[in-house]
Amino acid sequence: MKDISQYIELFRTERALLDSHSQALLNAHRDEAAEAFMRLGFPSRKVERYRYTDVAEAFAPNYGLKLDTPPAAMNLPEVAATRYGTLANVQNDAITALNTMLVQDVIVIYVPADQRREHPVQLTNTLRSSVPLMQNRRLLIIAEAGAEVQVLQTDKAEGGQDFLTTQVTEIFVGEGAHVEFYDMEDSHSRCHRFHQVYAQVAAGGHLTHTTFTLASGLSRNQADVRLVGQGADALLLGCAITDGQQHVDNNTLIEHIAPGCTSRELYKYVVDQQSSGAFAGRVLVRQEAEKTDSIERNANLVCTEQARMWTQPMLEIYADDVKCSHGSTVGQLNNDALFYMRQRGISEAEARMLLKQAFASEVLAAIPLEALRQRLHVLVEKRFRNCEDCKLCQKNNR
Amino acid sequence: MLEIKNLHATVSGKEILKGIDLTIRPGEIHALMGQNGAGKSTLSNVLVGHPAYTVTEGSVTFNGKDLLALSPDERSHEGLFLSFQQPVEIPGVSMANFMRAALNAKRKYLGQEPLDASSFLKLMREKRKVVELDSKLANRSVNEGFSGGEKKRNEIYQMAILEPTMCILDETDSGLDVDALRIVAEGFNKLRTPETSAIVITHYQRLLDYIKPNFVHVLLGGRIVKSGGPELALEIEQRGFDWIKEEIES
Amino acid sequence: MSSDQETTNAFVRSVAERTYEYGFTTTVETEVIDRGLTEDTVRLISEKKGEPEWLLDFRLKAFRYWLTLEQPTWGHLKMPEIDYQAISYYADPTAKKKQGPKSLDEIDPELMKTFDKLGIPLEERLALSGTAVDAVMDSVSVKTTFREKLAEQGIIFCSISEAVREHPDLVRKYLGSVVPYRDNFFAALNSAVFSDGSFVYIPKGVRCPMELSTYFRINAQGTGQFERTLIVCDEDAYVSYLEGCTAPMRDENQLHAAIVEIVVENRAEVKYSTVQNWYPGDKDGKGGVLNLVTKRGLLRGVNSKLSWTQVETGSAITWKYPSCVLAGEGSQAEFYSVAVTNNFQQADTGTKMIHLAPRTSSTIISKGISAGRSQNSYRGLVRVAPKAEGARNYSSCDSLLLSSTCGAHTFPYMDIQNPTAVVEHEATTSKISEDQLFYCQQRGIPQEEAVGLIVNGYAKDVLNKLPMEFAVEAQKLLSVSLEGTVG
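Given the structure is predicted, the values throughout are model-derived calculations rather than measurements.

The next thing to look at is the overall build of chain B. The number of helices and strands found in chain B is 9 helices and 12 strands. The C-alpha radius of gyration of chain B comes to 18 Å, within 12% of the 18 Å expected for a compact globule of 250 residues. Judged by the C-alpha coordinates and their principal axes, chain B covers about 60 × 40 × 35 Å. The burial tally for chain B puts 52% of its 250 residues in the buried class. For chain B, the accessible area works out to roughly 11,000 Å², and carbon and sulfur atoms hold 48% of it. Of the side chains in chain B, 30 bear a positive and 34 a negative charge, and the two mean positions are spaced by 5 Å.

The structure is reproduced here in structure tokens:
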């Protein structure tokens, strides 16, 4: 247990300020969370799910918190109280506990039964500060039976400050409901973020969860998806493009609890320079979850000798009538393709860039939301080109 | 324009080309024939600079430049184009992106401004007609899921956009039915200017019915053992290669 | 419950009720030291074996280190608590004869009978063709056959106790060089109290003309077996080594914590095959051997080769990862495994492939078969170090489920630090194909036979890697282990 004292002290001294600037629902959960956080401490690398990221180190600096910001809305829908914190269990996870202890605002997206939103809901988080800043965010998405919603969250940062964010997202997908959640990070290397997503999918419901990590210095994304109703299905997509000293750690758990559920998972990494990537995806099939159909795939490009990739796809199966597979590869660009492109006059650097982009595009192609798909193509290309002001980007950014 | 002198080349330590001499002037079509393993594809790969092949002796000049000193993409910019025997599939890279990258790299090499998106798309559309290629192609990944015939047509299509001066057709006829062969060959003929030269590698006369060679060479054991006019190809069609071997041995 | 599952359960019961073929005990006068483990125990073992000072030092260092450790818990296993003070660490069935048996006449006829019954005749004239055997019961090597014949070519094949006496320099040079006593909890324990095991040295350029084999047998009650095997294959040499094991049926768990170390020099090749059939416990999960083993090979030489093949059908708990350290340029390693678990058996097994040198390649083929209420896990690590240019690994881990109450798990870890490495891992888990079963049945093959057939087909890639005699044995074992278990 490394030093959690600055957070505990902050909580003790600023409790009143926190409470007076956030919703009662959030305040009601703080004590339990604080107790759990003190008990758990920051997870060491011996904790299986945190073996690839040094959490204590990320939380060691002294970040400021802006505690006197009023929440976006003081009145939450009643349904929020019945769901908040029910998936995100503070007892098992220190980051979730810390977030619950310090969170100042919750955004609730509630879609009543059989309602369909025409347009995606977009949440833009822009970090801007003159001093190092910590932010603890919370998102609650509830789609009742038969409802449909798409939520796009983008993370941006302005200026070269150090930022640390924690976010806990809880997603309830009702019977036959359809939720797509897109988490798109395009901040900068001094942003560190921890995002815990907890989702539960009822019978016949569908969840798409997509994580794009492009520029942050450290990103740890954890997604726990529970398929609790017959015929529920989940699609998890992720893409990380890293260079410099970046570190991206995606940790997923898909739990097949009810029979006849389907899960698909595809994560791709391009790890360049001194950066590192980690993927750990566990698929857990409970004894009752007969007729489970699960495919998990992780593919990675490691571009230099200083870059490092850990990958750990896991199957844990307690039912017998299942079809589960996982695959994981670490490899290089196709040399034949590289030569073909050069014969057509494309320089080696450009050919490599195009092939890397193509590698990532498999994840993009699986994204159901068309407008986002196109936007991401541009972002990914921009990311690979490492350019801020080329004509292509300017034109497409407008 | 292309002058090959005493060219020797190895692949994984094994010598395949054992002294090739060949001169091709502007506008000439040279057919290269020979049995499998004679070194035909090796020659084409060496000319375009495939990294798996090592030149151990000899020289190649192209438009007065030392071809062997150029990188594969520079050779392409100079006007050398290989229609691959088995074009590789490149999932995730769209034809449009691929060709735009290729064309603009060439324009840059030649000191020209890059083509803007709309002119480029217009060019893609125009050239597509040459090989009667499906319009959906522009949105597909390079060669991915293409049939054998489509792949070969796609090669000629790329040739149309890049306008090379020296084309190597490496068994472009293999795996094509009669109609596809006609479309591909006619496409090539439409693209030809009086200055375009070509090396046509083939086993059969039928491609040469469409693309009429000025010279026919027989490659055997890494050397050109016999050269002649178009009649040589016809003779090989009828009599095979054995008589040539016997001729050399005696 | 579907009728399918009822059938399944009926089959599971029938399998559970089968008897373990090798569950008999031998009545032989055995010297067993007092239970418990202290420094004095370690000194006593060393003294009984008449060991030199350096080896006692090695044991004591290991023991003191062991005291600082706690038993690890990371396996996907429910371990019964092991009382390390309730075990006797040395049992010698040959104690009657002071110096240990030298010729067959001196071996207790009961011991001879035991090994005959296990199908391991100790008389050379009765031996399986082309196989030399070191037979180990409890803590002591009973007999090593064909020693003289092998010695003609400079091959050393003897018990490790004899090797300590007769080839101290070799043993001292290599012992603990692949698995240091600090490696893990059980390695430290073994290093402190190891009793017997085999020593093999193949000199430069020699192709060992026969299969070398060690047969391990636990007999005495309340004892643990801590054998230690050391194989050194010098430059351009070759050896194929087989290991077999059984134990009597006992109600309490028996502890087996072995170490196998293999050193492979330039261009040398070692094949190590195991058919593990320790007593798995009864149908209620009572008793059975706790098989907690550290096996590792160091591919020191350029272009050296090491291949592990294991068929794991026995033991209540199997916890082992035969591993390879690919330190020589161009070295090649293989791991082929079939692990069958039934009733309450638990297995957490796999391998580690550590690529340190350029152009090294490794292959992992693992087949897990789970039935009854068993838990069967594959756990593996593939690491490619920064200097391992062009390293290549292919892993394929399949699990077959034969009941709805068992578990099949796959935990591969990959850690890649080189841009030219190509690493591929695939895993699938599925139940036995109903189409295949039905096809067999339509052709008149009874269901239980069909299962055996399909499972053997499923495991074929691995069984094919075993030497002939072993393969036949293993096939039989697989069919018996799973007789009639259908999902």
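Read on, since the account is not over.
This part covers the interface of chain B and chain A. With 29 residues of chain B in contact, the opposing surface of chain A contributes 18 residues. For the pair chain B and chain A, the summed buried surface comes to about 1,900 Å²; carbon and sulfur atoms form 66% of the total. Per-residue buried area on chain B facing chain A is highest for D73, F84 and V88 of chain B; these three make up 25% of the total on that side. One can count 2 salt bridges joining chain B with chain A. Taking the shortest distance from any N to any O, the salt bridge between E155 of chain B and R344 of chain A comes out at 2.6 Å. In this structure, the connection of chain B to chain A is made through 12 residue pairs in polar contact (both at pLDDT 80 or more). Counting residues per element, the ones that place at least two in the side of chain B that touches chain A are helix 1 (40–48), helix 2 (72–77), strand 6 (80–83), strand 7 (90–94), helix 3 (95–109) and helix 5 (148–162) of chain B.

All names here are of chain A. In terms of burial, strand 5 (residues 148–158) is largely enclosed, as 8 of its 11 residues are buried. Here 8 bridges tie strand 3 (residues 121–128) to strand 5, and the two strands are oriented parallel to one another. Within strand 5, the residue paired with T126 across the bridge is K156. As paired elements, strand 5 and strand 7 (residues 178–185) share 8 bridges and run parallel to each other. What sits directly across from D155, in strand 7, is E185.

On to the pattern of salt bridges. All names here are of chain A. The full count for this structure, using the stated rule, is 56 salt bridges over all chains. Notably, a salt bridge pairs K268 with E362, separated by 2.5 Å at the nearest N-O pair. Placement of the pair is K268 in strand 13 (residues 262–271) and E362 in helix 8 (residues 348–365), with a sequence separation of 94 residues. Its relative accessible area of 6% is what places K268 among the buried residues.

As a further point, take the layout of surface pockets. Each pocket or cavity is described by its volume, and for the second largest pocket that value is around 1,600 Å³. Contributing to the lining of the second largest pocket are 48 residues, with E48 and R51 of chain A together with W74, R379 and Y413 of chain C lying nearest its centre. The residue inventory of the lining of the second largest pocket, partitioned by class, reads 19 nonpolar, 12 polar and 17 charged.

All names here are of chain A. Each assigned domain of chain A is listed here: domain 1 (5–332) and domain 2 (333–398). Here domain 1 and domain 2 have C-alpha centroids that lie 27 Å from each other. Facing the 32 residues of domain 1 at the interface are 20 residues of domain 2. Looking at the side of domain 1 facing domain 2, the largest losses of area belong to F212, I241 and K268, adding up to 24% of the total buried there. Between domain 1 and domain 2 we count 4 salt bridges in total. Here E362 ties to R297 by a salt bridge, and the two come within 2.3 Å at their closest N and O atoms. If you look at where domain 1 meets domain 2, you find 9 residue pairs in polar contact (both at pLDDT 80 or more). Put simply, the parts of the chain that give the side of domain 1 that touches domain 2 at least two residues each are strand 5, strand 7, strand 9 (206–213), strand 11 (233–242), strand 13 and strand 15 (292–302). With 6 residues, strand 11 is the single largest residue contributor to the side of domain 1 that touches domain 2.

Residue and element names in this part refer to chain B. Spatial ordering of the open sheet is given by 2-1-4-5, a layout of 4 strands whose pairing is antiparallel. Since the sheet does not close on itself, it has two edges, and those belong to strand 2 (14–24) and strand 5 (65–66), each with one partner. Sheet topology note: the strand 1 (residues 2–11)/strand 4 (residues 53–62) ladder contains 8 bridges and is antiparallel. What sits directly across from H8, in strand 4, is E57. Against the sheet, helix 1 touches strand 1, strand 2 and strand 4, its axis set at about 110° to strand 1.

All right, on to empty space enclosed by the protein then. Residues and elements named next belong to chain C. For the structure shown, the criterion picks out 8 cavities of 30 Å³ or more. One number sums up the size of the largest cavity: a volume of about 100 Å³. Looking at the largest cavity, it is lined by 15 residues, and the ones nearest its centre are S366, G368, N376, S377 and Y378. Of all elements in the fold, only strand 17 (332–341), strand 19 (361–370), strand 20 (375–384), strand 21 (392–401) and strand 22 (407–416) reach the threshold of two or more residues within the lining of the largest cavity. Class assignment of the residues belonging to the lining of the largest cavity gives a composition of 4 nonpolar, 9 polar and 2 charged.

Below, the discussion takes up the pairing of strand 17 (residues 322–331) of chain A. For a regular strand, side-chain orientation follows a simple rule: the groups alternate between the two sheet faces. Counting buried positions along strand 17 of chain A yields 8 of 10 residues, so the element is predominantly enclosed. Judged from the 10 bridges that link them, strand 15 of chain A and strand 17 of chain A form a sheet pairing that is parallel. The residue of strand 17 of chain A that forms the bridge with L301 of chain A is G331 of chain A. By the bridge criterion, 8 bridges tie strand 17 of chain A to strand 23 (residues 422–431) of chain C in an arrangement that is antiparallel. From the neighbouring strand, C324 of chain A faces strand 23 of chain C, where its bridge partner is T429 of chain C.

The rules we used
Residues numbered from 1 in each chain as written. Chains lettered and ligands numbered in written order. Predicted model: local features only at pLDDT ≥ 70, side-chain atom pairs only at ≥ 80, totals over all residues. Heavy atoms only, no water. Helix = DSSP H or I, 4+ residues; strand = E, 2+ residues; numbered from the N terminus. Rg over C-alpha atoms; globule rule 2.2 N^0.38 Å. Buried < 20%, exposed > 50% of the residue type's maximum accessible area, 1.4 Å probe, protein only. Areas by Shrake-Rupley, 256 points an atom, 1.4 Å probe, with all protein chains shown as cover. Lys, Arg positive; Asp, Glu negative; His and termini not counted. Charge placed at Lys NZ, Arg CZ, Asp CG, Glu CD. Contact = heavy atoms within 4.5 Å. Buried area = accessible area lost by both parts, 1.4 Å probe. Salt bridge = Lys/Arg side-chain N within 4 Å of Asp/Glu carboxyl O. Polar contact = N/O pair within 3.5 Å; in protein donor to acceptor, adjacent residues only side chain to side chain. Pairing = 2+ DSSP bridges. 1 Å grid on protein atoms, 1.4 Å probe; cavity = no way out; pocket = protein on both sides within 12 Å on 5 of 7 lines; lining within 4 Å. Points joined across faces, edges and corners; volume = space filled by probe spheres on them. Nonpolar A, V, L, I, M, F, W, Y, C, P; charged D, E, K, R; others polar. Domains from an automatic or database assignment. Axes fitted to C-alpha atoms, helices over the stretch in contact; angles between N-to-C directions.

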